[in-house]
Structures are given as C-alpha cells and as structure tokens.
Amino acid sequence: QVQLVESGGGLVQAGGSLRLSCAASGTFFSINDMGWYRQAPGKQRELVAVTTSGGSTNYADSVKGRFTISRDNAKNTVSLQMNSLKPEDTAVYYCNAVALSRLGFLGYWGQGTQVTVSS
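Residues numbered from 1 in each chain as written. Predicted model: local features only at pLDDT ≥ 70, side-chain atom pairs only at ≥ 80, totals over all residues. Heavy atoms only, no water.

Draft legend 1. Region of the structure containing the sheet that holds strand S1 (residues 2-7). Read across the sheet, four strands follow the order S1-S3-S8-S7 without closing on themselves; strand pairing throughout is antiparallel. Each of the sheet's edge strands pairs with one partner strand only, and the pair in question is S1 and strand S7 (67-72). The sheet shows a mean angle of 15° between the axes of neighbouring strands, taken without regard to direction. One ladder, built from six bridges, connects S1 with strand S3 (residues 18-26); its direction is antiparallel. Bridge assignment links leucine 4 to a residue of S3, and that residue is alanine 24. (Pairing = 2+ DSSP bridges. Helix = DSSP H or I, 4+ residues; strand = E, 2+ residues; numbered from the N terminus. Axes fitted to C-alpha atoms, helices over the stretch in contact; angles between N-to-C directions.)

Draft legend 2. The arrangement of the state of the cysteines in detail. Applying the stated rule across the entire model yields one disulfide. In this model, cysteine 22 is linked to cysteine 95 through a disulfide, with the two sulfur atoms separated by 2.1 Å. Here the S-S torsion is close to -80°, and the disulfide linking cysteine 22 with cysteine 95 is therefore left-handed. Residue cysteine 22 is located in strand S3, and its partner cysteine 95 is located in strand S9 (residues 91-101); the two are separated by 73 residues in the primary sequence. Residue classification places cysteine 22 among the buried positions, given a relative accessible area of 1%. (Disulfide = S-S within 2.5 Å. Buried < 20%, exposed > 50% of the residue type's maximum accessible area, 1.4 Å probe, protein only.)

Draft legend 3. Just the environment of serine 101, in detail. Positionally, serine 101 belongs in strand S9. Between the C-alpha atoms of serine 101 and threonine 27, which are 74 residues apart in sequence, the distance is 6.9 Å. Those residues in contact with serine 101 that lie beyond four places of it in its chain are Thr27, Phe28, Phe29 and Tyr108. (Contact = heavy atoms within 4.5 Å.)

The analysis is restricted to geometry; functional conclusions fall outside its scope.
Written as structure tokens, this is what we have:
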C-alpha cells in the first residue's frame with residue numbers, strides 16, 4: 001500500500017503563486033510516474049502535470065509556462081509550483097503516483113487539496 005499526503009493548497013489572488021507538495025510513504029519497491037490532477041466543480045478530473053522517475057515532464061496546455069512540476073526520488077516527493085494563477089485554476093488538486101509493490105503496478109491518489117484563486 002502507498003499513502004500520498006498533500007499539502008500547500010489555499011486561497012490566493014489572481015496572479016499569485018502557490019506551491020503544492022506530496023509525499024509518498026508505505027510499502028513499495030519503486031515509484032514510476034508522479035503527477036498532479038485537478039477537478040473543478042461539475043467537471044471531470046484532468047491531468048495538470050506528470051513526471052517520470054527519469055525526470056521527463058508533461059503539462060496540460062492550460063498550465064504550460066506557469067506551473068512547474070518537480071520530484072525528489074530519494075524522498076519520494078513531488079511538488080507543483082504554480083505561478084500566475086488564474087481563477088480558472090480553482091479546483092481540488094490531487095497527487096497521483098504509480099508504484100510497484102508486491103501487488104504489481106498500481107495507481108494511488110492523495111486526499112486532495114483545495115486551491116482557490118480569487119479574481
């Protein structure tokens with residue numbers, strides 16, 4: 001089992017910045033992809049950014065140039081630096097990790113952290 005604990009959400013004005021962090025713990029052999037998804041009210045959960053264990057990254061078009069994902073493989077953490085925030089970035093942000101354990105490769109989710117951007 002893998003537990004993901006997020007932190008760093010909150011309320012910020014448009015144009016401001018926030019940093020989200022996520023730490024993975026539990027029993028696993030390795031973690032492959034780690035990423036962030038978000039879900040706004042009435043909308044489907046969508047990918048924000050993802051990073052592989054090798055350091056490759058992928059971003060949603062809507063956040064390119066404003067958000068930066070980073071990870072520390074030694075600490076099993078992933079962070080999301082969010083700059084130039086817009087009201088449309090308001091959502092619950094979820095950390096996701098694909099981990100290899102004795103059960104095989106499985107995806108895990110954090111509990112979510114609220115990000116609210118006021119105009």
